[in-house]
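Understanding the architecture of this molecule
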Amino acid sequence: MVMAWRRSLWLAAFALAFSAFAGAGHAGEPERVQAEKSQPDRPLGVVELFTSQGCSSCPPADAFFAELANKEDIVALAYHVDYWDYLGWKDTLSRKENTERQNDYMRAFGSRSVYTPQAVINGRIHVNGANRGEVNGALARMARGGEGIRVPVKVSRSGDRVIIDAGDAGAGPSDAHIVIVYFEPPQTIKIAQGENTGRKMTYWNAVTDIQTAGMWHGKAQRYELPLSEISKRGGCAVLLQSVGKDGMPGPILGAAFIHRP
């Protein structure tokens, strides 16, 4: 299947524009997008959790993920998949595109199967999403070993535009996609059927849409998005993610949240 973020993004409808990062032609410095909490331009890492309301093994991972979602130095995104819906409860946050993204990751990793709860760290490896030691250990090892978030991504606002400044990779990778990931605000769901019958769970950062917004070629670059598009969504993150020749997702080089103004 072709992932949602591999589609051409709104190139006409969304009217994405970009210009050189050096800032020539920009009148003054754009103001920072208002945020509930500060965030570094190079977070410790990106955790993508593949989960399901219908999976009895997922609640511990969902609880741990809620902690990660509240850390300033982690970009945490939850992808609710649809392949456990047959067990008696249709995940209210599931999307087939989320399942497609998980399948694409597994093909990229050379794995034959998917599972929940599965956490993909920095687009590079997968671990059990309920295992704190594995998740935290992977983040720490990658940060030490040069496989963490290497390219700074800064988000600011200028008038009716959101500005995304992706930094320079130096001698690092030269090509990646600018991927915009939209997600829901925290919401509490009471599960009435299936393996988790009777549980009431609060889910954080459940992904609702993934779009590819442009290309980055290793040098500092500026991208612009309409503020109106960001304002009407629950939440938004930007990933600077490399892509293989086969179109499969690769390592995430940079990341940041785009907070609603």
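A short tour of the structure in this document, coming up. Given the structure is predicted, the values throughout are model-derived calculations rather than measurements.

Considering empty space enclosed by the protein
Using the criterion set out here, one finds three cavities of 30 Å³ or more in the structure. Within this model, the largest cavity holds a volume of roughly 40 Å³. Around the largest cavity, the lining residues are Leu49, Asp62, Phe65, Ala66, Ala78, His80, Thr202, Tyr203 and Trp204. Broken down by secondary-structure element, the contributors of at least two residues to the lining of the largest cavity are helix 1 (58-69), strand 4 (74-80) and strand 11 (200-203). Counting residues per element, the lining of the largest cavity draws most heavily on helix 1, which supplies three residues.

A word on the sheet that holds strand 9 (residues 176-183)
Spatial ordering of the open sheet is given by 12-9-14-15, a layout of four strands whose pairing is antiparallel. Of all strands in the sheet, those bounded by a partner on one side alone are strand 12 (207-216) and strand 15 (249-257). For this sheet, the mean angle separating the axes of adjacent strands, direction not counted, is 25°. Direction of pairing for strand 14 (residues 235-243) relative to strand 15: antiparallel, over a ladder of six bridges.

Side note on the nonpolar core
Ile164, Ile180, Trp216, Val238 and Ile258 are the most contacted members of the largest nonpolar core, which has 23 residues in total. Secondary-structure elements contributing two or more residues to this core are strand 7 (153-158), strand 8 (161-166), strand 9, strand 12, strand 13 (221-226), helix 4 (227-231), strand 14 and strand 15. For this core, the leading source of residues is strand 9, giving four residues. Core analysis: the second largest hydrophobic core is formed by 20 residues, Val75, Val120, Phe183 and Ala237 among them.

Some points on the packing of helix 1 against helix 3 (residues 132-145)
Running from N to C, helix 1 and helix 3 cross one another at 30°; their axes reach a closest spacing of 11 Å. Where helix 1 crosses over helix 3, the handedness of that crossing is right-handed. On helix 3, the residues that touch Phe64, Glu67 and Leu68 of helix 1 are Arg132, Val135 and Asn136. For the contact of helix 1 with helix 3, the class distribution of residues is three nonpolar, one polar and two charged.

A closer look at the packing of aromatic side chains
This model, assessed by the stated rule, comprises six aromatic pairs. An angle of 65° between the planes, with centres 5.3 Å apart, marks the rings of Tyr83 and Trp84 as edge-to-face. Using a relative accessible area of 21% as the deciding quantity, one classes Tyr83 as partly exposed. Look at Trp84 and you get partly exposed, because its relative accessible area is 25%. Seen in terms of ring centroids, Phe183 and Phe257 are 5.8 Å apart; in terms of plane orientation they differ by 75°. Their pairing is edge-to-face. With Phe183 in strand 9 and Phe257 in strand 15, this pair connects stretches of sequence that are 74 residues apart.

So, the pattern of salt bridges
Using the criterion set out here, one finds 10 salt bridges in the structure. When the shortest N-O distance is used, the salt bridge between Glu100 and Lys96 registers 3.8 Å. Placement of the pair is Glu100 and Lys96 together in helix 2 (residues 96-109), with a separation of four residues, close to one helical turn. You can call Glu100 buried: its relative accessible area is 9%.

About the thresholds
Residues numbered from 1 in each chain as written. Predicted model: local features only at pLDDT ≥ 70, side-chain atom pairs only at ≥ 80, totals over all residues. Heavy atoms only, no water. 1 Å grid on protein atoms, 1.4 Å probe; cavity = no way out; pocket = protein on both sides within 12 Å on 5 of 7 lines; lining within 4 Å. Points joined across faces, edges and corners; volume = space filled by probe spheres on them. Helix = DSSP H or I, 4+ residues; strand = E, 2+ residues; numbered from the N terminus. Pairing = 2+ DSSP bridges. Axes fitted to C-alpha atoms, helices over the stretch in contact; angles between N-to-C directions. Core = buried A, V, L, I, M, F, W, Y, C linked by side-chain atoms within 4.5 Å. Buried < 20%, exposed > 50% of the residue type's maximum accessible area, 1.4 Å probe, protein only. Left-handed = near helix turned anticlockwise from the far one by under 90°. Contact = heavy atoms within 4.5 Å. Nonpolar A, V, L, I, M, F, W, Y, C, P; charged D, E, K, R; others polar. Phe/Tyr/Trp six-rings, centres within 6.5 Å; stacked < 30°, edge-to-face > 60°. Salt bridge = Lys/Arg side-chain N within 4 Å of Asp/Glu carboxyl O.

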